[in-house]
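# Understanding the architecture of this molecule
These are the residues of each chain, in order.
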Amino acid sequence: MRYLIRALKYLVYFVVLFFVIVGIIWLITPKTDGGFSLSAMFQPGALPKIAILFLVIAAGYPYFAFTKRKVYLGGTFAEKRDVILACFEQWGYEIENEEPQQISFRLKSKTGRFTRMYEDRIVIETQNEPIVLNGYRRDIDRMARNINYSLSQSE
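Let us look at the structure shown here. On a predicted model such as this, the values are computed, not experimentally measured, just so you know. (Residues numbered from 1 in each chain as written. Predicted model: local features only at pLDDT ≥ 70, side-chain atom pairs only at ≥ 80, totals over all residues. Heavy atoms only, no water.)

## Digging into the pairing of strand 5 (residues 131-136)
Across the six residues of strand 5, five count as buried, placing the element largely inside the fold. Here strand 4 (residues 122-125) pairs with strand 5 via three bridges, running antiparallel. In the strand pairing of strand 5, Ile124 is matched with Leu133. Remark: five residues form the turn of the hairpin made by strand 4 and strand 5, two consecutive strands paired antiparallel. (Buried < 20%, exposed > 50% of the residue type's maximum accessible area, 1.4 Å probe, protein only. Helix = DSSP H or I, 4+ residues; strand = E, 2+ residues; numbered from the N terminus. Pairing = 2+ DSSP bridges.)

Okay, structure coming up:
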């Protein structure tokens, strides 16, 4: 279900972005006396192809954009908790929900949350070694590197 919601969000995002770009192009294009319609910008039959392209990209994007990463701590989560929480604080995240087996973080910044279409949640599964980070790929990769670096500096 989460995958479908993400795919629909990105479909809406791509469509809005497309119309903004096409609108800007239409506004800056010199017009002749006869006028210039938006439909004249595309060849006949191009719009269904564009729609199919958007559907395919939006359907596949969540698969590639969201991931899980393992981070080896060299100890238990309880021992390294302060270092890990400091890493998240440094990158502007705050604890959203804490349970015995996992902790979820969200961005503090409303602008940052908006630019990620409110898909900014990072969930840490803390019950085993290694811990597992789950969320947006770029954020997860950055956070895993930051945690590894902070752990090596603390030792």
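## Quick notes on the nonpolar core
Counting residues in hydrophobic clusters, the biggest one holds 20 residues, and the most contacted among them are Leu73, Ile84, Phe88, Ile131, Leu133 and Ile147. Those residues in contact with Leu133, other than ones at most four positions away along the chain, are Thr67, Lys68, Arg69, Val71, Phe88, Val123, Ile124, Ile140, Met143, Ala144 and Ile147. (Core = buried A, V, L, I, M, F, W, Y, C linked by side-chain atoms within 4.5 Å. Contact = heavy atoms within 4.5 Å.)

## Examining the sheet that holds strand 2 (residues 93-98)
In any sheet, the strands associate via hydrogen bonds between backbone groups, in a parallel or an antiparallel arrangement. Spatially, five strands are ordered 1-5-4-3-2 in an open sheet, and the strand pairing comes out antiparallel. Among the strands making up the open sheet, the edge pair consists of strand 1 (66-71) and strand 2. Across the sheet, the mean angle separating the axes of adjacent strands is 25° when strand polarity is ignored. As defined by bridge partners, strand 2 adjoins strand 3 (residues 102-107) across five bridges and the pair is classed as antiparallel. Within strand 3, the position partnered with Glu98 by the bridge is Ile103. Contacts from helix 5 (residues 137-154) reach strand 1, strand 2, strand 4 and strand 5 within the one sheet, and its direction differs from that of strand 5 by about 145°. (Axes fitted to C-alpha atoms, helices over the stretch in contact; angles between N-to-C directions.)

## Notes on the pattern of salt bridges
In a structure, side chains of opposite charge can pair up when their charged atoms sit close to one another. All told, the structure shown has twelve salt bridges when counted by the stated rule. One salt bridge in this structure joins Lys9 and Glu119, with 3.0 Å as the shortest N-O distance. With Lys9 in helix 1 (residues 2-28) and Glu119 in the loop between helix 4 (110-115) and strand 4, the pair connects residues that are 110 residues apart, well separated along the chain. Since its relative accessible area comes to 27%, Lys9 is described here as partly exposed. Among the salt bridges present, the one from Arg116 reaches Asp139, with a minimum N-O distance of 2.8 Å. With Arg116 in the loop between helix 4 and strand 4 and Asp139 in helix 5, the pair connects residues that are 23 residues apart, well separated along the chain. The two residues Arg116 and Asp139 agree in class, both being buried. What you see here is one network of salt bridges that share partners, running through Glu96, Arg106, Arg113, Asp120 and Arg121. (Salt bridge = Lys/Arg side-chain N within 4 Å of Asp/Glu carboxyl O.)

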